[in-house]
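For reference, the chains in residue letters:
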Amino acid sequence: MKALDLTVSPAPHCHCGARITRVSYNILLALIPAMAMGFYYYGFDALRVVAASMGSAMLAEAAIQSILRKPITIADGSAAVSGLLLALILPASVPLYLVVVANFVGIVVGKQCFGGLGANPLNPALVGWAVIRITRAWAGYLDFDLALVNYETGFILQYPLAVLKAQGSAGVAHFSLMDLFLGKQVGGIGSSAIIWLLLGGLYLVVRGVIRWEIPLSFLIGVAVIAGIFWLGDRTSYGSPIFNILAGNVMIGAFFLSTDNASSPVNQWGMLVFGFCCGAMTVVLRSWSIYPDGVVFACLLMNLFVPLLDKIKKKQPLPPALSPVTPPVMSKSAEERSAS
Amino acid sequence: MGLRSFFGILPPKLFYKDVSAPVELLPVPEKITLLWYRRTPSDLAVGVGTEVETGQDLARNGRGPFVSTVTGHVDEVNTFLGVDSREYLAVQISADQKDNFDPSLPAVEDLSEAKPETLRASVNRAGFTALKSIIRDPRVWPAIDALIISVLDLDPLSIVNQQIFRDNTDQVQAAVELLARTTEASRCVLAVPDNLAGIASKVSTGAATVAMVPPVYPNGLPEILAKNCGAGLLMKTYDTGFAGNTVVVSLEHALAMVSSLQTGRPMLEKTVTFSSGKGELQNFRVRIGTPVGEILKRASVNPQPKGKLILNGTMRGYACFSDEQPITATTESVHVQEPSEVFFFQNTQCTNCGKCNAICPVDLEVNLLGRLSEYGIYDKCRGLGIENCVECGLCGYVCPASRPLVQFLTRAKQGLSEEAQEPAGMEEALECNACGPVCPAIRLFDTESDKEDSPKA
Ligand code: SF4
Ligand code: SF4
């Protein structure tokens, strides 16, 4: 048969057009409003943190990949996304070297050590944040009440969750839920822009970039467990709505917990994962020494992902193959037991 | 052809085309090539130079049937690596324009009275190779639970059965009845795509039920039809093809079977849909064995260098390297892609996005299977139900990392079936033998060097 100059490859011969880069760039797009709100309230300081964070995340990825002689994949945007996410949960006043260190640890230890995009069991942005949080000398920088004391923002300069922890629900009575929803609260550069995060997150759901299961069950998890605490003791715990609107819950539900590699892929796994993230968040808020628990809740649940992925209907299996026994092996085994 | 709007919340849907294209009959070409899977020239009763008649069985006694579709003389006999990378025996025949029918294939006398066994023997003798891929084991014949006659096509780019249904509505009823009698199936289903409901309502099918099927890929695949038409999953096994008692026959093959019962003539022609990036779908009816180049010539489309020539559709089909590739009884469509339309897989790692799992019609964990196969861990694939994969190609179609998922899955399946045929890794182990002297548990292999060392000797 005469061969023509044609391309030959296995099926399928067409593609729906989805690309990894589009996932990352859509997430960046969805985060722009929240980021802009951070710039509006905290000005140049916020810009500085965001730029340093995204830059160092990409630099870290390029550096480790060139050291390991792997193809450099910063163009896929995943490093930029984790850099931006880390920046958005940090206060605007954080020193830049911290941002750089956190990103390097997050990308190198949290992602590339495991084999890069898709193989990371933990969300690199969360790893970076956790490193700052658990290093005693740096943890103070994450205290929003201290960090943001010098800004003029026009809303109450107290971190709602810290107030709740210290004074109980009476202390947070003067926070209007509407203000919280509109993002007029102290918090990370972008994580307090609740309404914009919600809209950005819904955009991602509609575009099919993230699946609806995790955000929905995350919010339900927060609401249900917070509701139980609240009904038990209304003086020390916040209402479910307050719990959803304050702190990192919104960014956690739509952006931090939905990272593809570190979340389950099957539907029931996702639902359980989201619910447990939400539940764990409230438990940490109520009983741990930290005012907010979203990041640790997500990190903890990340570790359960392989287990959660096992929640799946069993496939019908074909009849077992008749076992083929190597003749020589059975003979010598018999000989052995005989002797 | 894919629905990928701004809203991505639902997985993309591939619709079967709802268009009608008249079938154009192409003349018999000068040369045809007949393919026979995994056979050697010794299975043939004819050699180079033998004169053959249309419908003549070319196989040596009892090894066939392997039917000639033209009258002429055998030009060449050789083996040939098919586009699906399997070994075929290829018989090239120079065709005369006039058909002399082999008289040894009589029509079944008195069809309405004939016994099912007689009918079945006649269908088998007529060599329905396409059917054979579904009923590979003739012993399956006596025990069919459900017979599904499908008006759906295998690929979104093919409109063969649809068109035949539109053109031959009046013959459908008789065909269904006759086939139900031939197979003695306890249930008989005519599967029709939703868009042809109007025509289907005109067919009275007697004992058979009409199942309306949404015209969405992969609903037309035999395995999915079997699953959705209430007959249970068709399950593949390694040796007997399909375990399970459902038979799915496309309408075109059903009509061909009926006409072979009536006239004694085997299936000689096949309808294929031709499509290219631009232009309408076209239906051509060609003699089985016609080189695909004849269709390209008639459609006046020339594959560009570095373009693709695809048989059997973009989702499950295979790319050819030559326009001499013959049309077989199972070829449903011919598609030509420009070089710019060619999609390239990439060696990217899985990002665990789960899109493949969400779209898989048999609900496999494709992300895991792909990775297991990539690293050669085939035995774990079996526990995840890899045999249930119908190779629909949807996982590869949606994967944002452009991973060759179907290739991974077929490789694992192939690995498993090779393992099933020979004990795993025996060959390599015998050659290396490093484990023998040091193994604390049992000595695995008794080889020459081993005997020399042993104190007994
Ligand atoms: S080809 Fe992919 S999507 Fe289709 S059945 Fe197999 S694993 Fe599932
Ligand atoms: S679609 Fe591709 S990238 Fe996504 S989980 Fe499946 S194999 Fe991995």
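Everything numeric here is computed off the predicted structure, so don't read it as measured data. (Residues numbered from 1 in each chain as written. Chains lettered and ligands numbered in written order. Predicted model: local features only at pLDDT ≥ 70, side-chain atom pairs only at ≥ 80, totals over all residues. Heavy atoms only, no water.)

### Description of the overall build of chain A
Per the secondary structure count, chain A includes 16 helices and 0 strands. In terms of overall dimensions, chain A has a C-alpha envelope of 80 × 55 × 40 Å along the principal axes. The buried share of chain A, taken over its 339 residues, is 56%. Restricting to contacts in chain A with at least 6 residues of sequence separation, those with at least 24 account for 75%. For chain A, the accessible surface area stands at approximately 14,400 Å², while carbon and sulfur atoms represent 69% of it. (Helix = DSSP H or I, 4+ residues; strand = E, 2+ residues; numbered from the N terminus. Buried < 20%, exposed > 50% of the residue type's maximum accessible area, 1.4 Å probe, protein only. Contact = heavy atoms within 4.5 Å. Areas by Shrake-Rupley, 256 points an atom, 1.4 Å probe, with all protein chains shown as cover.)

### A word on the side chain of A:Asp309
Along the polypeptide, A:Asp309 turns up in the loop between α15 (305–308) and α16 (327–338). Lacking a salt bridge, the buried A:Asp309 has B:Arg371 as its closest oppositely charged neighbour, with an N-O distance of 6.5 Å. Apart from the residues within four sequence positions on either side, A:Asp309 is in contact with A:Pro264, A:Val265, A:Asn266 and B:Glu365. (Lys, Arg positive; Asp, Glu negative; His and termini not counted. Salt bridge = Lys/Arg side-chain N within 4 Å of Asp/Glu carboxyl O.)

### Topic: the sheet that holds strand β13 (residues 246–250) of chain B
Residues and elements named next belong to chain B. Pairing is parallel in the open sheet, where 4 strands are placed in the order β10-β9-β8-β13. Lying at the two open borders of the sheet, with one neighbouring strand each, are β10 (209–213) and β13. Each strand axis lies, on average, 25° off the axis of its neighbour in the sheet, ignoring direction. As defined by bridge partners, strand β9 (residues 187–193) adjoins β10 across 5 bridges and the pair is classed as parallel. For Pro-193, the partnering residue across the bridge sits in β10 and is Val-213. Here helix α4 (residues 169–183) sits on the sheet in contact with β8 (146–150) and β9, set at roughly 150° to β8. (Pairing = 2+ DSSP bridges. Axes fitted to C-alpha atoms, helices over the stretch in contact; angles between N-to-C directions.)

### Observations concerning the domain arrangement of chain B
Many structure descriptions define interface size as the accessible area lost when the parts assemble. All names here are of chain B. Taken domain by domain, chain B holds domain 1 (116–263) and domain 2 (355–421). Tallying the contact residues gives 10 residues for domain 1 and 13 residues for domain 2. Buried surface at the junction of domain 1 and domain 2, summed over both partners, amounts to about 940 Å²; 63% is from carbon and sulfur atoms. There are 0 salt bridges connecting domain 1 and domain 2. (Domains from an automatic or database assignment. Buried area = accessible area lost by both parts, 1.4 Å probe.)

### Section: the environment of B:Gly317
Here B:Gly317 is to be found in the loop between β16 (308–311) and β17 (318–320). When the C-alpha positions of B:Gly317 and B:Arg63 are compared, they lie 28 Å apart, and in sequence the two are 254 residues distant. Every residue in contact with B:Gly317, bar those within four places of it in the chain, is listed here: A:Ala11, A:His13, B:Ile310, B:Leu311 and B:Asn312.

### A look at the sheet that holds strand β18 (residues 333–337) of chain B
Residue and element names in this part refer to chain B. Spatial strand order, β3-β15-β14-β18-β16-β17: 6 strands in an open sheet with mixed pairing. Edge strands, defined here as strands with exactly one partner in the open sheet, are β3 (23–25) and β17. On average, adjacent strands in this sheet sit at an angle of 30° to one another, irrespective of strand direction. Sheet analysis places strand β14 (residues 269–276) next to β18, joined by 4 bridges and oriented parallel. Note that in β18 the partner of Phe-274 across the bridge is Val-334. Strands β3, β14 and β15 (282–287) of the sheet are contacted by helix α3 (residues 160–167), whose axis makes an angle of about 120° with β14.

### Comments concerning the pairing of β8(B)
Along any regular strand, the residues point their side chains to alternate faces of the sheet. All names here are of chain B. Burial analysis of β8 places 5 of its 5 residues in the buried class, which makes it a mostly covered element. Both faces of β8 are covered, namely the face carrying Ala-146, Ile-148 and Ser-150 and the face carrying Leu-147 and Ile-149. Taken together, the 5 bridges between β8 and β9 define a ladder with parallel strand orientation. Residue pairing across strands places Leu-147 opposite Cys-188, the latter belonging to β9. Bridge count for β8 against β13 is 5 bridges, and the pairing is parallel. Looking across to β13, one finds that Ser-150 is bridged to Ser-250.

### Considering helix α12 (residues 249–256) of chain A
The buried fraction of α12(A) amounts to 8 of the 8 residues, a majority that puts the element mostly inside the structure. Among the residues of α12(A), A:Val249, A:Met250, A:Ile251, A:Gly252, A:Ala253, A:Phe254, A:Phe255 and A:Leu256 are the ones counted as buried.

### Here's the deal with the confidence of the model for chain A
Where the model shows low pLDDT, its predicted coordinates should not be examined in detail. Across chain A, pLDDT averages 87, with 93% of residues at or above 70. Predicted confidence is poor over residues 320–336 of chain A, with pLDDT under 50, and the contacts of this stretch with residues over four places away or in other chains come to 20 contacts. (pLDDT = per-residue confidence, 0-100.)

### Let's talk about the pattern of salt bridges
Working definition: two side chains of opposite charge can pair if their charged atoms are close together. All names here are of chain B. Enumeration over the complete set of coordinates arrives at 18 salt bridges over all chains. One salt bridge in this structure joins Glu-374 and Arg-403, with 3.0 Å as the shortest N-O distance. Taken together, the positions of Glu-374 in helix α10 (residues 366–374) and Arg-403 in the loop between α12 (394–398) and α13 (405–421) put the pair 29 residues apart, joining distant regions of the chain. The class of Glu-374 is partly exposed, set by a relative accessible area of 22%. Looking at Arg-403, the relative accessible area reads 2%, which means it is buried. A cluster of three or more residues bridged by salt bridges with shared partners is formed by Asp-99, Glu-252, Glu-269, Lys-270, Arg-285, Arg-287 and Glu-332.

### Quick notes on the state of the cysteines
All chains considered together, the criterion is met by 0 disulfides over all chains. Here A:Cys16 is not disulfide-linked; the sulfur of B:Cys399 is the nearest cysteine sulfur, at 8.9 Å. (Disulfide = S-S within 2.5 Å.)

### Some points on the packing of α3(B) against α4(B)
Residue and element names in this part refer to chain B. Interhelical geometry of α3 versus α4 gives an angle of 100° and a closest axis separation of 5 Å. Looking at the two axes, α3 sits roughly perpendicular to α4. Contacts from Phe-165, Arg-166 and Asp-167 in α3 reach Thr-169, Asp-170 and Val-172 in α4. The residue inventory of the contact of α3 with α4, partitioned by class, reads 2 nonpolar, 1 polar and 3 charged. (Parallel < 35°, antiparallel > 145°, perpendicular 65-115°, else oblique. Nonpolar A, V, L, I, M, F, W, Y, C, P; charged D, E, K, R; others polar.)

### Brief notes about the packing of aromatic side chains
Counted by the stated rule, this structure contains 13 aromatic pairs over all chains. Ring centres of A:Tyr42 and A:Tyr151 lie 5.4 Å apart, and the angle between their planes is 85°; this geometry places the pair in the edge-to-face category. Highlighted residues: A:Tyr42 in helix α1 (residues 20–67) and A:Tyr151 in the loop between α6 (144–147) and α7 (160–167), separated in sequence by 109 residues. By relative accessible area, A:Tyr151 is classed as buried at 13%. Aromatic ring contacts, followed pair by pair, group A:Tyr40, A:Tyr41, A:Tyr42, A:Tyr151 and A:Phe155 into a single cluster. One cation-aromatic arrangement involves A:Arg234 over A:Trp230; the distance from NZ or CZ to the ring centre is 4.3 Å. When the ring centre of B:Phe101 is taken as origin, the NZ or CZ atom of B:Arg265, which lies over that ring, is 3.6 Å away. (Phe/Tyr/Trp six-rings, centres within 6.5 Å; stacked < 30°, edge-to-face > 60°. Lys NZ or Arg CZ within 6 Å of the ring centre and 35° of its normal.)

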